[in-house]
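For reference, the chains in residue letters:
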Amino acid sequence: MFTKKDSKPTVLARILVRLSPRRIGKAFYILFTEGPRALIKKSLEANYIDRDFDAFRKAAEFGLFLSSSPEYEAEAAGLVSEFSARGLELKSFDKKEKNGVSFLLFPESDEKPEGIYIVINKKRAEDMSEGYFELLKSAYEVIDTETHNFTVWEKRELLSRLPYFLPEAEDRAFYLSRFLLAQELIDFNTFYEKNREFPSCLGNNVCLSLRETPLRRESFKAQGIGDFSFFPGLRHRLGFLGCALSYKFLINYAKDSGFKRILIIEDDAVFPPDFEERFKKISDFLADREFDVFSGLLAESKTAEILDFFPHEGERIVLTNRLMSMVLNIYSENVYDSFLEYDESCQDPFKNTIDRFLNNKSLRVFCALPFLVGHSEEGGSTLWGKSSHYEDM
């Protein structure tokens, strides 16, 4: 790994030397579009994620083990049963066992086990000792049952990875399946079949907002715009796949619910003062037209081709062939089946982000000029795992 004393040119050279010819083009793309700092950061993150996950996958193949104290016997039995319902075996933990993945259920000790472990926590952040924080920092993942802890975790000052929320009662089955999906212990089809009833009260105006980022959600709500239901989003070790699976789930839900269209907005959307007035006009325009997607914001708009122009009640609405943003979109039933063809087994972000995937489908995309919404760059994207640089549009 790189040391602090390495200069930027040295680090860049070392990154490029390590790359295979197949990846050099990607490295130069990042270098020239986002700069040396982004290249270094993404290289380090990818190296860390790939190395970590490879070790996790090998350990998981050996077995999943549960460690708990006698006072949590009932909780341990319940967790074993929940894993079993999803086709996974959670075995008793033997402290002599160095292989496998160990789940530590509500640990009281700061002692770190050998090998890969996952902490299931219910301590309040303010009650954690320095040693306990070190236990969490060294964990492969942290699952937290304490709702209020996430206002601390969201700031990323104490833990580099955002823990997963797991309620002890309401919606627990959904959140446990969500964690298992993120770790590739179950696949998307298994997840959807187990949780297809979860969003029964969502409706067709949905805000995608991770349950683990309450400050971000409150910031969205503070704008005081719209009547949106909140979907807690799906996660994955690769952020862009978590985002894509969130959309795949919601489109599946929309199709199963018989919705003619569904509006999905992300919680980093910024509403201009005239949003509601403009949105009504645009909704009226779309009411009697065939389309695939209405996009409230286009990224990489310089590459879009304008196919037609429609003035409507003072709005300038264009038909284009590009979809390069998911900040606020309205999806018609015409595009549902295209969404459901998305293959999450392709883990290349240069080919398989959900918007790039859809752009291969010859879509009819309407967009209003100026764009209907903006995008907050302050915290990057929790769903995508990156900042999308919409400010440049």
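Residues numbered from 1 in each chain as written. Predicted model: local features only at pLDDT ≥ 70, side-chain atom pairs only at ≥ 80, totals over all residues. Heavy atoms only, no water.

Draft legend 1. Up close: unusual backbone geometry. Cis geometry is found at the peptide bond from Leu-369 to Pro-370, where omega equals 0 degrees. Along the chain, Pro-370 turns up in the loop between strand S15 (365-369) and strand S16 (374-375). Of note in the backbone geometry, Phe-106 takes a positive phi value of approximately 50 degrees without being a glycine. Residue placement: Phe-106 occurs in the loop between strand S3 (101-105) and strand S4 (116-121). Judged by its relative accessible area of 6%, Phe-106 is buried. With a phi close to 60 degrees, Glu-184 is a non-glycine residue in the positive phi region. Mapping Glu-184 onto the fold places it in the loop between helix H7 (172-182) and helix H8 (188-195). (Helix = DSSP H or I, 4+ residues; strand = E, 2+ residues; numbered from the N terminus. Buried < 20%, exposed > 50% of the residue type's maximum accessible area, 1.4 Å probe, protein only.)

Draft legend 2. Structural context of the sheet that holds strand S1 (residues 64-67). The strand order across the open sheet formed by six strands is S2-S1-S3-S4-S5-S6, and the pairing between neighbours is parallel. Of all strands in the sheet, those bounded by a partner on one side alone are strand S2 (90-92) and strand S6 (164-165). As paired strands, strand S5 (residues 141-144) and S6 are joined by two bridges and run parallel to one another. Along S6, the bridge assignment pairs Asp-144 with Phe-165. (Pairing = 2+ DSSP bridges.)

Draft legend 3. Quick look at the pattern of salt bridges. The final tally for this structure, using the stated rule, is 24 salt bridges. The closest approach of N and O atoms between Lys-137 and Glu-134, which form a salt bridge, is 3.6 Å. Here Lys-137 and its partner Glu-134 are both found in helix H5 (residues 130-138), three residues apart, which amounts to about one turn of the helix. What makes Lys-137 partly exposed here is its relative accessible area of 46%. For Lys-248, the salt bridge identified is with Glu-344, shortest N-O distance 3.1 Å. Taken together, the positions of Lys-248 in helix H10 (residues 239-257) and Glu-344 in the loop between helix H12 (336-340) and helix H13 (354-358) put the pair 96 residues apart, joining distant regions of the chain. Note on Lys-248: relative accessible area 7%, which makes it buried. You can call Glu-344 partly exposed: its relative accessible area is 22%. (Salt bridge = Lys/Arg side-chain N within 4 Å of Asp/Glu carboxyl O.)

Draft legend 4. How the structure looks around the nonpolar core. In this structure, Phe-103 and Tyr-331 are the most contacted members of the largest nonpolar core, which totals 84 residues. The greatest single-element share of this core, amounting to 11 residues, is contributed by H10. With residues near it in sequence (within four places) discarded, Phe-103 still touches Leu-64, Phe-65, Leu-66, Ser-67, Phe-83, Leu-90, Ile-118, Ile-120 and Phe-179. Membership of the second largest hydrophobic core comes to 24 residues, among which are Ala-269, Leu-297, Ile-330 and Phe-366. (Core = buried A, V, L, I, M, F, W, Y, C linked by side-chain atoms within 4.5 Å. Contact = heavy atoms within 4.5 Å.)

Draft legend 5. Focus on helix H9 (residues 214-222). Buried residues of H9: Pro-214, Arg-216, Arg-217 and Phe-220, and no others. Seen along its axis, H9 keeps its buried residues to an arc of 160 degrees; they face one direction. Structurally, H9 contributes buried residues whose contacts are with helix H6 (150-153), strand S7 (205-208), strand S8 (229-231), strand S9 (261-266) and strand S10 (269-270). Immediately downstream of H9, the backbone of Gly-224 shows phi near 65 degrees, a positive value. (Arc of directions from axis to C-beta.)

Purely spatial values, then, with no claim about function.
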